[in-house]
Amino acid sequence: MGLRQFVIDAWSWLNYKPVMAEAGAPGNRTFPELTATWLPPEELRRLAAYKVLSAYDNNQAGQLAAASGDEAGIERRELGDAAKLVDTALGYLLGSEQKVTVEGAEHAEGEVPKPGATEAAGLQERLRTWADKELLTLRIQQAERAAVLLGDSVYVLAWNPEKQRPTLRVYDPGFFFPQWEDEDADFPSRVHLVWDLPEDREAGLKARVRRVTYELGSVSEEDESLVRQYPWDPGRPSNVACYLTDAEWLLEDIKRGQTLDRLPMDKASFRVRPDGTELNRLDLMIDFVPVIHITNTIPDGGEHWGRSAIARVLQGLDELAATDSDASAASATTGTPIIGLAGARLPVDRATGKPEKLTVQAGAVWQLGETGRMDALDTSPQLAELRYRVEHLLDRIAANSRVTAAGLGTLDASEVPSGYALKLALGPLDALVGMMRLAREHKYRLLFKMVQRLYQAGRAEGWTDGDSLPARLSWAPHTPTDRAAVLEEVVQAYGAGVISLETAVAMLVDAGYPIKDAAKEVERIRTKAQEETAARMAETAARRGDADDESDGEKPGESNAGGDGESSKGSGGRPVPFGFASASGGSS
């Protein structure tokens, strides 16, 4: 059973799956939830793709195949290869840590801070405090695993008056339905988050659907000329506001054709905040939709959705599971072979009078006649071939996914002649991680901009009016770094005066040295260098004093011809801390 028509879209790589043809069809046994009346038809392929990818991640691809009519699929052996590929790609994407950085903050601790550096450092500290309170690292893990597996993920920000800070939540991309009024727009003007609520008979609740809607509209519906000034854009009046609606509908009240954007408002039951405010077009006092859509890859032109890390190798994973199943069957006949006996005296069951079935086990003894013979079926060559095929498939999956065999840890270290060869082997992985991080760069900048503006809209203490400063998410290196080589490079470059101390410390941080705060580390280095310089100057002055005393006691005509070469030169030059002196030619 295949597709009724040839389709090319963001999920064409799944066209070989029969379930993609059945998505949304009446009586669909595989995904019955996709037959919900409120689902738009154009979203069914995307939601079906999410279901298929989740099945692979949970070792349920065989069950999925069996549900779509392949009875042999239930016997498929799945050993977690899809999940390993996803987790490996996720680990390289995230690196060892993630930090919030604000441009210019590293120059705030200098002797003469650059303009705006102090404000940037203050904002960086406040954003990092917010990140700690909101468990940003945990949220990133949740969102990015969904993005790597499914291709998409969703963050939602909201101002919490009690906590006096923005809260960050992660939503399943299957709940996310953006409404694009203009395909050329950068962001949708309306976003729905929709999901089903199952029936709860004990609580007396029927099956419902919940829809949370963020939409942009005029500040006043009665007077469209009414404007408002937002604290992040002083002096620029705006007539745009964002409204929040949170409502529920009984599934029995939704008729066919009433999709999520056309649900009957007269049947809606609106949710209420703890303070009693009804969430029906609640003015959030902002002019943007606080929803950030993360894509795993850079979308193609005209598309808005990302692509899963395992999208292009799903058929390879199918082949791998089938080969594992065959290898399991072959290993059974290799460990307990099929044996043919000729001329054997078989024991007879006294009750039935028929020969008993022989069991191949350790210590078994069979009596053979003079012409008796025993032959064993040797399936070990077939098993060896299947094992070779498994290795071949793993290598091909690693290559086509661009995670590489070296990245997956399946590359034999003895096969790598040098570190340069290993770097070349990791080249596709470097390109993959670079592309994945580039796809997220703007989205995380947007997230931190929204956090700043929500603080300003909430009139939080310490957050003044003015434009938002650019903040970004800084990723740690995704592969191990040769720290000794980086240190040598930093020593030579800083000693030669071609890089600043700030740049030198930043290079050490990127190399993985345990430096928590680059600005404070620079300050400590400079303080230590000044102390060492002062100590050398004091020592030089003391030596000169001793030399003067000795010259006063000498006879006429005598002089200190040798002198003290170091005292004659002075301490001079730029102070070079913690071993950098070896590169600059001096020593302490």
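Every value quoted in this text rests on a predicted model; they were computed, and no experiment measured them.

Our focus in this paragraph is the pairing of strand β7 (residues 240–250). Taken across its eleven residues, β7 has nine buried, putting it largely inside the fold. Judged from the eleven bridges that link them, strand β6 (residues 208–218) and β7 form a sheet pairing that is antiparallel. For Glu-215, the partnering residue across the bridge sits in β7 and is Tyr-243. Taken together, the two bridges between β7 and strand β9 (residues 282–283) define a ladder with antiparallel strand orientation. In the sheet register, Leu-244 faces β9, and the bridge partner there is Leu-282.

Moving on: the environment of Ile-338. Here Ile-338 is to be found in the loop between α7 (314–335) and β11 (339–344). With 39 residues separating them along the chain, Ile-338 and Leu-377 place their C-alpha atoms 5.4 Å apart. Ignoring any residue separated from it by four or fewer positions in sequence, one finds Ile-338 in contact with Thr-333, Asp-375, Ala-376 and Leu-377.

Another aspect to go through is helix α12 (residues 483–495). With 13 residues, α12 extends 18 Å from end C-alpha to end C-alpha; this agrees with the ideal 18 Å at 1.5 Å per step. Val-486, Val-490, Val-491, Ala-493, Tyr-494 and Gly-495 are the residues of α12 that are buried. The first or second residue beyond α12 is Gly-497, which carries a positive phi of 80°.

Moving on: empty space enclosed by the protein. Enumeration over the complete set of coordinates arrives at one cavity of 30 Å³ or more. One number sums up the size of the largest cavity: a volume of about 130 Å³. Glu-78, Asp-81, Ala-82, Leu-317 and Ala-321 are the residues nearest the centre of the largest cavity, which is lined by 15 residues in total. Mapped onto the lining of the largest cavity, the elements with two or more residues apiece are α4 (81–94) and α7. Tallying contributions element by element places α7 first for the lining of the largest cavity, with five residues. Residues belonging to the lining of the largest cavity are distributed by class as follows: seven nonpolar, two polar and six charged.

The next point concerns the pairing of β6. Most of β6 sits inside the fold, with eight of its eleven residues counted as buried. Pairing of strand β5 (residues 190–197) with β6 involves eight bridges; the strand directions are antiparallel. The partner of Val-194 across the bridge, within β6, is Arg-211.

Strand order in the open sheet formed by three strands is β3-β2-β10, with antiparallel pairing between adjacent strands. Where the open sheet ends on each side, the last strands, each with one partner, are β3 (165–171) and β10 (291–295). Each strand of the sheet is rotated relative to its neighbour by a mean of 25°, with strand direction disregarded. Strand direction decides the pairing type here: strand β2 (residues 152–160) and β10, joined by five bridges, are antiparallel. Across the sheet, the residue bridging to Val-154 is His-293, located in β10.

Definitions and limits used
Per chain, residues are indexed from 1 in the order of the written sequence. Where local features are concerned, this predicted model is filtered to residues with pLDDT of at least 70; where side-chain atom pairs are given and counted, the filter is 80 or more; whole-chain, interface and lining totals use all residues. Water and hydrogen atoms were dropped before computing side-chain values, which therefore reflect all heavy atoms in the structure. Accessibility here uses a 1.4 Å probe with only protein chains present; expressed as a share of the type maximum, an area under 20% marks a residue as buried, one over 50% as exposed, and anything in between as partly exposed. Put simply, DSSP H or I for four residues or longer makes a helix, DSSP E for two residues or longer makes a strand, and each gets a number counted from the N terminus. Paired strands, in this sense, are two strands between which DSSP finds at least two bridges. The contact criterion used throughout is that any non-hydrogen atoms of two residues lie within 4.5 Å. Expected span of a helix, by definition, is 1.5 Å for each gap between consecutive residues, and there is one gap fewer than residues. Put plainly, a pocket is an open set of points on a 1 Å grid over the protein atoms alone with protein on both sides within 12 Å along at least five of seven lines, a cavity is a set where a 1.4 Å probe fits but cannot get out, and a lining residue has an atom within 4 Å of a point. Grid points are joined across faces, edges and corners, and a volume is the space filled by probe spheres set on the points. Three classes are used: nonpolar for Ala, Val, Leu, Ile, Met, Phe, Trp, Tyr, Cys and Pro, charged for Asp, Glu, Lys and Arg, and polar for all others, with Gly counted as polar. Only the stretch in contact is used when fitting a helix axis, every axis being a line fitted to C-alpha atoms; angles between N-to-C directions are given from 0 to 180 degrees.

Shape descriptors only; they carry no functional weight alone.
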